[in-house]
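# A structural walkthrough
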Amino acid sequence: MHMTLFQSCLRSRWLLLSACALALSACGSVPETRDGAGSTEDRSSGDFGSRIVQADKEPENWLSYGRDYQETRYSPLDQIGHANIRRLGLNWAYDLDTDRGQESTPLVVDGIIYSTSAWSKVQAIDGVSGKLLWQFDPEVPGETAAKGCCDVVNRGAAYWDGKLYVGTLDGRLIAIDARTGRQIWSTLTVDAKKPYTITGAPRVIKGRVIIGNAGAEFGVRGYVSAYDAETGRLGWRFYTVPGKPGVKDGAASDDVLARLAAQTWSGDSWRRTNGGGGGTVWDSMSYDPALDLLYIGVGNGGWYPTGLRSPASKSNNDNLFLASVVALRPETGEYVWHFQETPGDQWDYTSTQHMILTDLKIDGRQRKVLIHAPKNGFFYVIDREDGRLISARPYARVNWATGIDQKTGRPLLNPAADYSKTGKEWIGFPSSGGAHSWQPMAMSPRTGLVYIPVRDAAMPFAIDRSFQPKPLGLNVGLDMSGMAAPDTKAEVDRIRRDMTGYLLAWDPVRQKEVWRVRLAGDWNGGVLATGGDLVFQGDMDGYLRAYDARNGAPLWSFDAQSAISAPPITWAKDGRQYVTVVAGWGTSAGLGFGVFGWGRDGPRRNHSRVLTFSLDATGKLPALPKEPRRELPPVVPRVGTASDIAAGKIAYNRTCFACHGAGAIGGGVVPDLRYSAAIEDAALWQSIVADGALASRGMIGFKANFSSREIEQIRAYVVNAALRSKY
Ligand code: CA
């Protein structure tokens, strides 16, 4: 799941260890847009996919999640370049109707922007005027929020022949008429009784809508499915991890799971309430039309420690296909090859990060490669015809492995990292948030460089010896009893200094860094590269910025008044190039680690907006309302004894912190409990935490997890946190 259970951890031992329109026509080529009669002739028949395959022929559009099937996020548009970037200004801002996390890559078809927002809503916006044409709201029930690890985000829709496809947080795949915004069909892709969610964008290949799901932190069994774009009928399904031994699913994965995967697992993950060992395909896919291969990135194991998930000591405990890239046939789901990046993953090192397909000249030979910067901190160049490793080098701070064996492709594991085996806590780089998460990277064919939003942070990993899965909420099997919040602002600042984020330009042939730009925060946005030799990225500090693609020199910035996680895109209409980004704070970092989500001036409220820019536009955002000064609650009488507080802390860290923040410090997305009136009133607290009085807003009742006494102990802990807070 995306990201980050523990983007960091907060205790002193760990802290020490973490190093821690004027001249439009003169400015380059923007192809004519295709409004004119006859211009769509060559597209009127056949597979819409040929338009995505030939995306460079219509750079005015952004037809697919990564712009092209290779997911390069490079646009040849070059009207905006070094000479005029200072004239880039705001055309318009469209305020979204939700202030939860925003991660969407908008699509653009003939000047219409199709973006998605939190709660799986879809917007059609006139790209030139910024006027909303329609919004589709799938009406995801609020209580679905409790099934997600990392906010109620959505990363985008797919477009195919006049229809849009969106996966909803509650597991539906919906086809929408792109002209009217009306639903055409809807199909449930998951068992709604289980904590599956969808946050990723579908891809459409050969008339099949491919969609995965999330939920590994809750112990589901991952899979990817293909649905007929016209009818919504299920075509095939591929499970990424085995189910009950000897029982077939009747799925495309049956043979390969029996042949390759089953013997790499032990234990009884299929017996669990939620049915599986993880391996969700929650984000990345790419497609090579010439080889006709679909590549999927598979996530982490459900229950992190292998000592819990697959406990028998066997010679092969790789747990296929966790943390792997798997190549499938898009028409049948048939397995072709796999490459496992993190065998027997127990650090949440998913391989669901963005994969780019490109051709590189390596050792004098032209190679068809898949390049990948997964969470585990190594940059992989893989032969995408057969899945063989070409090279792998660390692109970030890594201590779980000393390198990757060139022959076998296996990591040279640091024995201390196997905390299941040692039984000891281990401080690992990267953290479970990864050296790179879902925020997409980009590659420019002009520079040959890959631009990666990187993050260096550590986290302690320790097996929970008394682990008992709970019916609701996360179940990862780590001992989080030591997690606490820093006590002072100075400590917060120190931790933030040790968690570094940067934009990295990487040469995938030489496997070397070319430049980096250090950023103020660690959880920054996805990346766009353009034909104007520009790299655009929004950041945690609340700016959309442009850099020189060749050397990282900062060229332009815009104060978006809100942190940006989503990647920018570029497109054109009537001879004018535009840049669009969905601004918004939230996402996993905004929930679990609010304390680190602060901008330069402390916590920034999320202003979720679609922003669009072009040369010589002069729009301005309305002035920010004055942020109310944060006051700690009126003195709340202490609740409970020291041992109640200690027990409440364990329960809180187990189930509550993923949304309400480590140390009960909110990130500004969901209520900061220290300021909540509910902590002053035991009965009100019980009605919310036990009985679910706020379920429609995502706060379900947790009676199934806790007795009323334990719920009162959690209150004791939160009250204590409020009283202790000095920042
Ligand atoms: Ca995960």
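Here goes a summary of the coordinates provided.

Basis of the calculations
- Residues numbered from 1 in each chain as written.
- Predicted model: local features only at pLDDT ≥ 70, side-chain atom pairs only at ≥ 80, totals over all residues.
- Heavy atoms only, no water.
- Pairing = 2+ DSSP bridges.
- Helix = DSSP H or I, 4+ residues; strand = E, 2+ residues; numbered from the N terminus.
- Salt bridge = Lys/Arg side-chain N within 4 Å of Asp/Glu carboxyl O.
- 1 Å grid on protein atoms, 1.4 Å probe; cavity = no way out; pocket = protein on both sides within 12 Å on 5 of 7 lines; lining within 4 Å.
- Points joined across faces, edges and corners; volume = space filled by probe spheres on them.
- Nonpolar A, V, L, I, M, F, W, Y, C, P; charged D, E, K, R; others polar.
- Core = buried A, V, L, I, M, F, W, Y, C linked by side-chain atoms within 4.5 Å.
- Buried < 20%, exposed > 50% of the residue type's maximum accessible area, 1.4 Å probe, protein only.
- Domains from an automatic or database assignment.
- Contact = heavy atoms within 4.5 Å.
- Expected span 1.5 Å × (residues − 1).
- Disulfide = S-S within 2.5 Å.

## Side note on the sheet that holds strand β29 (residues 500–507)
Strands in a sheet are paired, the pairing made by backbone hydrogen bonds, and the direction either parallel or antiparallel. If you trace the four strands from one edge of the open sheet to the other, you get β26-β27-β29-β30, paired in antiparallel fashion. Lying at the two open borders of the sheet, with one neighbouring strand each, are β26 (442–443) and β30 (512–519). One ladder, built from seven bridges, connects β29 with β30; its direction is antiparallel. Pairing of Gly501 across the sheet is with Leu519, part of β30.

## Quick word on the pattern of salt bridges
Under the definition given, this model contains 34 salt bridges. The salt bridge involving Asp151 is made with Arg100; its shortest N-O contact spans 2.9 Å. You can see Asp151 sitting in the loop between β6 (132–136) and β7 (158–160) and its partner Arg100 sitting in the loop between β2 (88–95) and β3 (107–109), a full 51 residues away along the chain. The partner of Arg446 in a salt bridge is Asp533, with the nearest N and O atoms 2.9 Å apart. Here Arg446 is found in the loop between β26 and β27 (450–456), whereas its partner Asp533 is found in the loop between β31 (527–530) and β32 (534–538), with 87 residues between them in sequence.

## Describing empty space enclosed by the protein
In this model, the largest cavity occupies a volume close to 80 Å³. Taken together, 13 residues make up the lining of the largest cavity; nearest its centre are Gln439, Pro453, Val454, Arg455 and Asp522. Of all the elements, β27 adds the most residues to the lining of the largest cavity, at three residues. For the lining of the largest cavity, the per-class residue count stands at five nonpolar, six polar and two charged.

## What about the nonpolar core?
Core analysis: the largest hydrophobic core is formed by 90 residues, its most contacted members being Leu164 and Phe613. If one sorts the elements of this core by residue count, strand β36 (residues 576–583) sits on top with five residues. Each of domain 1 (3–75) and domain 2 (85–458 + 499–615) gives at least three residues to this core. The residues touching Phe613, leaving out its near neighbours within four places in the chain, are Leu88, Gly89, Leu90, Asn91, Leu544, Trp556, Phe558, Gln577, Tyr578, Val579 and Val581. Counting residues in each nonpolar core, the second largest holds 61 residues, with Phe218, Tyr380, Leu389 and Ala658 among its members.

## Things to note about helix α10 (residues 708–724)
The terminal C-alpha atoms of α10, which comprises 17 residues, lie 24 Å apart, in line with the 24 Å expected from a rise of 1.5 Å per residue. For α10, every residue scored as buried is listed here: Ile711, Gln713, Ile714, Arg715, Ala716, Tyr717, Val718, Val719, Asn720, Ala721 and Ala722. The secondary structure elements touched by the buried residues of α10 are α8 (642–660) and α9 (682–689).

## What to know about the state of the cysteines
With the rule as written, the count across this model stands at one disulfide. Here Cys149 connects covalently by a disulfide to Cys150, the sulfurs 2.1 Å from one another. Its torsion about the S-S bond being -105°, the disulfide of Cys149 and Cys150 is classed as left-handed. Residue classification places Cys150 among the buried positions, given a relative accessible area of 3%. Free cysteine: Cys656, not disulfide-bonded; nearest cysteine sulfur from Cys659 at 9.1 Å. For Cys659, a relative accessible area of 25% translates into the label partly exposed.

## Focus: the environment of Ser466
Residue placement: Ser466 occurs in the loop between β28 (459–461) and α6 (489–498). On the basis of relative accessible area, Ser466 is assigned to the exposed category, the value being 57%. Along the primary structure Ser466 and Asp479 are separated by 13 residues, whereas in three dimensions their C-alpha atoms are 8.7 Å apart.

None of this, on its own, says anything about what the molecule does.
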